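Here is how the chains run, residue by residue.
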Amino acid sequence: MSLPPVLISEEAIRDRVAELGAQLSADYADKGNLVMIGVLKGSFIFLADLARRMSIPRTIEFIAVSSYGRGSKSTGAVRLVMDVRGNIEGRHVLIVEDIVDTGHTLKYLIGVLEAHRPASIRTCALLHKAESAEVDVDIDYVGFGIADEWVVGYGLDYAERDRTLPYIGIVTPDDR
Ligand code: PRP
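Numbers given to residues run from 1 along each chain, matching the order in which its sequence is written. Only residues with pLDDT of 70 or above have their local features reported here, since the model is predicted, and side-chain atom pairs are shown and tallied only from 80 upward, although totals for entire chains, interfaces and linings are computed over all residues. For side-chain calculations, the full set of non-hydrogen atoms in the structure is used, while hydrogens and water are omitted.

Trainee: How should the sheet that holds strand 5 (residues 92-100) be read in this particular structure?
Mentor: Backbone hydrogen bonds are what pair the strands of a sheet, in a parallel or an antiparallel way. Strands were regarded as paired on the criterion that DSSP finds at least two bridges between them. Here a strand is any run of E in DSSP of at least two residues, a helix any run of H or I of at least four, and the numbering for each starts at the N terminus. Strand order in this open sheet of six strands is 4-3-2-5-6-7, and the pairing throughout is mixed. The open sheet is flanked by strand 4 (78-82) and strand 7 (141-145), the only strands paired with a single partner. Mean inter-strand twist for the sheet, computed between neighbouring axes without regard to direction, equals 25°. The pairing of strand 6 (residues 120-128) with strand 7 spans four bridges and is parallel. What sits directly across from Leu127, in strand 7, is Phe144. In what follows, residue pairs with any heavy atoms lying within 4.5 Å of each other are defined as contacts. Interaxial angles span 0 to 180 degrees and are taken between N-to-C directions of axes, which are lines fitted to C-alpha atoms, for helices over the stretch in contact. Contacts from helix 1 (residues 10-27) reach strand 5, strand 6 and strand 7 within the one sheet, and its direction differs from that of strand 7 by about 160°. In the packing of helix 3 (residues 104-114) onto the sheet, contacts are made with strand 2 (34-40), strand 3 (58-67), strand 4, strand 5 and strand 6, and the angle to strand 5 comes to roughly 160°.

Trainee: Looking at this model, I keep getting lost on the site of the ligand. Mind explaining?
Mentor: One heavy atom within 4 Å of a molecule or strand is enough for the residue carrying it to be called near that molecule or strand. Taken together, 16 residues form the shell around the ligand, and within it Glu97, Asp98, Thr102, Gly103 and Thr105 come nearest. Between an oxygen atom of the ligand and a side-chain N or O atom of Glu97, the distance comes to 2.7 Å. Exposure was quantified through the Shrake-Rupley algorithm and a 1.4 Å probe, taking into account, for residues, occlusion by the shown protein chains and nothing else. About the coverage of the ligand: the protein hides 85% of its 500 Å² of free accessible area. Elements supplying a minimum of two residues to the shell around the ligand: strand 5 and helix 3. The element contributing the most residues to the shell around the ligand is strand 5, with four residues. When its residues are assigned to classes, the shell around the ligand shows three nonpolar, six polar and seven charged. Here a polar contact is recorded for every N or O atom pair within 3.5 Å, except that within protein the pair must consist of a potential hydrogen donor and a potential acceptor, and residues adjacent in sequence are included only if both atoms are side-chain atoms. Residues are grouped as follows: Ala, Val, Leu, Ile, Met, Phe, Trp, Tyr, Cys and Pro are nonpolar; Asp, Glu, Lys and Arg are charged; every other residue, Gly included, is polar.

So yeah, pure geometry; function would need other evidence.
In structure tokens:
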């Protein structure tokens, strides 16, 4: 099987992650320790790289959700599988996603985290498929806007394949 064609190269990702890290470090300077919450599983590589490109005090948490009835898109029925472990009340929180597609997952997560009464919640996604949006949800920090294609790599999978590709690739019809 051939490798997926490149949509976003390793170098382009590295450069953009460094920019986002610098921007976040500036925006959250003097705001205390930022809680970065990675959404499993897809965000684990992005979160690891982004967190190491920042220069402010930060804490890492993870949260896990699953979508019911998922075919090619989430349906809006999202379920919490694992909540954050630490106490985030009164803390500034950044949700870190690999991709926002319909927006259902992120909207649901904001609701879950608001119940913990943080000082603020902002959102960061490496990839945003604006054309696919089904709900209105703000993404404060976006790595790359992409068209409505199936993508893999850098944490994203297709049926659990290709998560560890170092770049963002396109799933071709032959690979589905
Ligand atoms: C992906 C991605 C987001 C969600 C976005 O997760 O990591 O969490 O889908 O889709 P939405 O905007 O349409 O809700 P996925 O369900 O593939 O799980 P995974 O991260 O464990 O692979």
